[in-house]
Amino acid sequence: MGTNVVRRLAWALLICGPVLGGWALVSQPAADTRPAPVVQSSSSGTTGPGGFAEMYVAAFLRSGDGSQEELAAFYARAADLELEGRPDAVQVGQIAAVRVEEIEPGRYWSVTVGARVLEPARKGAADSGEQPVIRMRFFRVPIEADRDGGPLAALALPSEVAAPGGGTPKAELAYGAPLPAQSSDPAVGTVSEFFAAYLSGSGELGRYISPGTRLTPVRPSPYQSVTVTQVSVETAFQDADGDGRIGAPAGREQLRLVVGVKAARPDGIARPLSYALTLSGRDGRWEVAALDATPQIVLPDLPAAVASPSLSPAR
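As the structure is a prediction and not an experimental result, all values here were calculated from the model.

About the criteria used
- Residues numbered from 1 in each chain as written.
- Predicted model: local features only at pLDDT ≥ 70, side-chain atom pairs only at ≥ 80, totals over all residues.
- Heavy atoms only, no water.
- Helix = DSSP H or I, 4+ residues; strand = E, 2+ residues; numbered from the N terminus.
- Buried < 20%, exposed > 50% of the residue type's maximum accessible area, 1.4 Å probe, protein only.
- Areas by Shrake-Rupley, 256 points an atom, 1.4 Å probe, with all protein chains shown as cover.
- Core = buried A, V, L, I, M, F, W, Y, C linked by side-chain atoms within 4.5 Å.
- Contact = heavy atoms within 4.5 Å.
- Pairing = 2+ DSSP bridges.
- Polar contact = N/O pair within 3.5 Å; in protein donor to acceptor, adjacent residues only side chain to side chain.
- Expected span 1.5 Å × (residues − 1).
- Phe/Tyr/Trp six-rings, centres within 6.5 Å; stacked < 30°, edge-to-face > 60°.

Caption draft 1: Local environment of the overall build of the protein. What the protein contains, in helices and strands, is four helices and twelve strands. Every one of the 315 residues in the protein was classed for burial, and the buried ones make up 32%. Just so you have it, the protein exposes about 19500 Å², and 55% of that area is on carbon and sulfur atoms.

Here it is as structure tokens:
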């Protein structure tokens, strides 16, 4: 009887196998045949043209024989190009739009893109042991949008240009000179414990921030230890002695600082970092009320400091 049961089960599986296979084939979800999304223009900002130019330059640098179709997604006349070499011979690392100039509002932009690339060794240099090199290169591209704010398009191939020069700052930070951090200062103590929890995961962050302030530690923790090295106090709050000591708060006053720290990586190498903070007094001690997005500044034509947004409401 057992032999008959096994035999019948085997025959049943043999007969049902093709049926089950066909059902599995037809029940698979259909392939996504939707066209790739196109980048829309943004007349209210530079994110659209800048991002489009970054993708265009990256595709251009990676291009080679047979890459015309990929480039045509950005530059319509790419189908007529004669491209040499194998695709992806040049590896693109970091890439970013470093300057976006609006030539015609909402319609036409000149975008300069910086790209860090890994270039192959020179032809015939393999025998000498020459290795691929990393270079920083810059390209300028003209980007257009149609009148209805539709898809963006490149009007020409990228032009390689020299690195753009750094601008001369017009504004000044609204803080005094950086002074060495004094470990005995209550404000420095709060800031030190805050950054230890924020950057290295040492301690509970909530102990050092004001009620209602929402901040999340950097995860995973990139540093093993953090040391506060210097503090700049907003000019309006500087002490009379000018020694950089802040002291304990008298009430619920707020204090804005620029704090320099040294953060040590797991390999022991320390890196300098800078943060803009707003401290708030409560019960005779300082708490971090906000991690400011930018330091306060004073513009030449404005008498008061320009307020900066804070990062405290966001996680």
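What follows continues from the structure just given.
Caption draft 2: Seen up close, the nonpolar core. Counting residues in hydrophobic clusters, the biggest one holds 28 residues, and the most contacted among them are F194 and F195. Mapped by element, the contributors of at least two residues to this core are α4 (186-200), β8 (225-233), β9 (254-264), β10 (270-282) and β11 (285-292). Here the element with the most residues in this core is α4; it accounts for eight residues. Beyond its immediate stretch of four places on either side in the chain, F194 contacts L205, Y208, I209, L215, L277 and V288. Judged by nonpolar contacts, the second largest core, of 23 residues, contains A53, A78, W109 and V113.

Caption draft 3: Seen up close, the sheet that holds β11. Strand order in this open sheet of five strands is β7-β8-β9-β10-β11, and the pairing throughout is antiparallel. Looking at the sheet topology across the chains shown, the edges are occupied by β7 (179-180) and β11. Here β9 pairs with β10 via eleven bridges, running antiparallel. Bridge assignment links R256 to a residue of β10, and that residue is T278.

Caption draft 4: Region of the structure containing the side chain of E234. Note on placement: E234 falls in the loop between β8 and β9. A residue is classified by how much of its surface remains accessible, and E234, at 5% relative accessible area, is buried. In terms of polar contacts, E234 uses its side chain to reach the side chain of R256, at 2.6 Å.

Caption draft 5: View of the pairing of β8. Judged from the two bridges that link them, β7 and β8 form a sheet pairing that is antiparallel. The residue of β8 that forms the bridge with P180 is Q230. Taken together, the eight bridges between β8 and β9 define a ladder with antiparallel strand orientation. Along β9, the bridge assignment pairs S232 with V258.

Caption draft 6: Quick look at the environment of E287. Note on placement: E287 falls in strand β11. Sequence separation of E287 and P211 is 76 residues, and the distance between their C-alpha atoms is 9.1 Å. Polar contacts involving the side chain of E287 include one to the side chain of R282, which spans 2.7 Å.

Caption draft 7: Representation of α4. With 15 residues, α4 extends 21 Å from end C-alpha to end C-alpha; this agrees with the ideal 21 Å at 1.5 Å per step. Of all the 15 residues making up α4, eleven are buried; the element is thus mostly covered by neighbouring parts of the structure. Three or more residues of α4 are buried, namely A187, V188, T190, V191, F194, F195, A196, A197, Y198, L199 and S200. Where α4 is buried, its residues touch β8, β9, β10 and β11. The distance from a side-chain oxygen at the start of α4 to the backbone nitrogen of A187 is 3.0 Å, and the residue carrying that oxygen is D185. The positive-phi residue at the C-terminal boundary of α4 is G201, with phi of around 70 degrees.

Caption draft 8: Looking closely at the side chain of E119. Within the fold, E119 resides in strand β2 (residues 108-119). Owing to a relative accessible area of 15%, E119 belongs among the buried residues under this scheme.

Caption draft 9: Geometry of the packing of aromatic side chains. Scanning all chains against the criterion turns up six aromatic pairs. Consider the rings of F194 and Y198, whose centres lie 5.5 Å apart with planes at 10 degrees: the pair is stacked. Taken together, the positions of F194 and Y198, both in helix α4 and four residues apart, correspond to about one turn of that helix. There is no split in this pair, since F194 and Y198 are both buried. Measuring from centroid to centroid gives 4.7 Å for F195 and Y275, while their planes differ by 45 degrees, and the two rings are tilted. Here F195 is found in helix α4, whereas its partner Y275 is found in strand β10, with 80 residues between them in sequence. Classification of F195 by relative accessible area gives buried; the value is 0%. Residue class for Y275 comes out buried when judged on its relative accessible area of 17%.

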